[in-house]
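Residue strings, one per chain:
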Amino acid sequence: IGADVSWELDVFGRVARQIEAEDATYEATEEDQRDVRVTLMAEVARAYIGVRALQMQLESAEKNLASQKQILELTRSRTENGISSELDLSRALSIHAASEAAVPPLRVGLSREVNTLGVLIGKNPTALQKELAEPKPIPVPPTHIAVGVPADLLRQRPDIRAAERRLAGQTARVGIATADLYPTFGIG
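Predicted model only: the values in this text are computed from it and were never measured.

With that settled, the discussion passes to the overall build of the protein. Counting its regular elements, the protein contains 4 helices and 2 strands. Moving toward the C terminus, one meets the helices and strands of the protein in the order β-α-α-α-α-β. A compact globule built from 188 residues should have a C-alpha radius of gyration of about 16 Å, whereas the protein, at 32 Å, is more than 25% larger. Along the first, second and third principal axes, the C-alpha atoms of the protein reach 110 × 50 × 30 Å. Every one of the 188 residues in the protein was classed for burial, and the buried ones make up 22%. Accessible surface for the protein amounts to roughly 13400 Å². Of this, 60% is attributable to carbon and sulfur atoms. With 22 positive and 26 negative side-chain charges, the protein shows a separation of 7 Å between the mean positions of the two kinds.

As structure tokens, then:
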């Protein structure tokens, strides 16, 4: 069995800088993973709030449609009895039709948001249809938010931390390039 072994004396810090650069690259990758998680959680929250908001809009549109139907029937009755004109009836029909046309896009949007939420949490798109069928209020954010030093807030962001680690890796690579200008000493 033939084997070659060599050992390099790290006189000018080239190997240490290579290790430092690779560690920084690995840490940047971890921060990128955290950034993806934060983005995913934000999309889940946005989709959930979208579901609840569309449920409220749909409920309001359906109540408006019921009200417009009553007004249409009242106007139709008034027109038949000679109290209102045909113009009033045509206006009531037009408003009722517009109210009726507003409901289907809201239903489609609600179904789309529920399906999006299902996909985001890793389930079948239609898996949450029954669970989210009952309208509930939109969640309210906390009333008290801790505010700190702006620099500390920025350091909490995974994308900023990833950029810092990439910078550290590139800085270490500058050190590697500088060390490459000097001779290397090795034992074979």
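Evaluation of the coordinates by the stated rule reveals 1 aromatic pair. Measuring from centroid to centroid gives 4.6 Å for Phe12 and Tyr182, while their planes differ by 20 degrees, and the two rings are stacked. A residue pair is termed long-range when its members are at least 10 positions apart, and Phe12 in the loop between β1 (7-9) and α1 (14-80) and Tyr182 in the loop between α4 (158-180) and β2 (185-187) qualify at 170 residues. Of the residues examined, Phe12 reaches a relative accessible area of 39% and is grouped as partly exposed. On the basis of relative accessible area, Tyr182 is assigned to the partly exposed category, the value being 43%.

Our next topic: the pattern of salt bridges. For the coordinates displayed, the defined rule picks out 14 salt bridges. A salt bridge links Glu27 to Arg165, with the shortest nitrogen-to-oxygen separation between them at 2.7 Å. Taken together, the residues Glu27 in helix α1 and Arg165 in helix α4 connect sequence positions 138 residues apart. Given the relative accessible area of 31%, Glu27 is considered partly exposed. Of the charged contacts in the structure, one is a salt bridge between Arg91 and Asp88, with a shortest N-O distance of 4.0 Å. Highlighted residues: Arg91 and Asp88, both in helix α2 (residues 86-120), separated by 3 residues, approximately one helical turn. Three or more residues joined by partner-sharing salt bridges are found here, namely Glu31, Arg34 and Arg161.

One finds Leu110, Val114 and Leu132 to be the most contacted residues of the largest nonpolar core, which totals 13 residues. Only α1 and α2 provide two or more residues apiece to this core. No other element matches α1, which puts 6 residues into this core. Leaving out residues up to four positions away in the same chain, Leu132 has contacts with Tyr48, Val51, Arg52, Gln55, Val114 and Leu117.

So, on to the environment of Leu93. Mapping Leu93 onto the fold places it in helix α2. With a relative accessible area of 38%, Leu93 lands in the partly exposed category. In this structure the C-alpha to C-alpha distance between Leu93 and Leu117, which are 24 residues apart in sequence, comes to 37 Å. Leave out the neighbours within four places in its chain, and Leu93 touches Leu72 and Arg76.

Following both chains from N to C, one finds α1 and α4 inclined at 165 degrees, their axes separated by 8 Å at the closest point. With respect to their mutual orientation, α1 and α4 come out roughly antiparallel. The interaxial crossing formed by α1 with α4 has left-handed handedness. Residue classes in the contact of α1 with α4 are distributed as 10 nonpolar, 5 polar and 15 charged.

What counts and how
- Residues numbered from 1 in each chain as written.
- Predicted model: local features only at pLDDT ≥ 70, side-chain atom pairs only at ≥ 80, totals over all residues.
- Heavy atoms only, no water.
- Helix = DSSP H or I, 4+ residues; strand = E, 2+ residues; numbered from the N terminus.
- Rg over C-alpha atoms; globule rule 2.2 N^0.38 Å.
- Buried < 20%, exposed > 50% of the residue type's maximum accessible area, 1.4 Å probe, protein only.
- Areas by Shrake-Rupley, 256 points an atom, 1.4 Å probe, with all protein chains shown as cover.
- Lys, Arg positive; Asp, Glu negative; His and termini not counted.
- Charge placed at Lys NZ, Arg CZ, Asp CG, Glu CD.
- Phe/Tyr/Trp six-rings, centres within 6.5 Å; stacked < 30°, edge-to-face > 60°.
- Salt bridge = Lys/Arg side-chain N within 4 Å of Asp/Glu carboxyl O.
- Core = buried A, V, L, I, M, F, W, Y, C linked by side-chain atoms within 4.5 Å.
- Contact = heavy atoms within 4.5 Å.
- Axes fitted to C-alpha atoms, helices over the stretch in contact; angles between N-to-C directions.
- Parallel < 35°, antiparallel > 145°, perpendicular 65-115°, else oblique.
- Left-handed = near helix turned anticlockwise from the far one by under 90°.
- Nonpolar A, V, L, I, M, F, W, Y, C, P; charged D, E, K, R; others polar.

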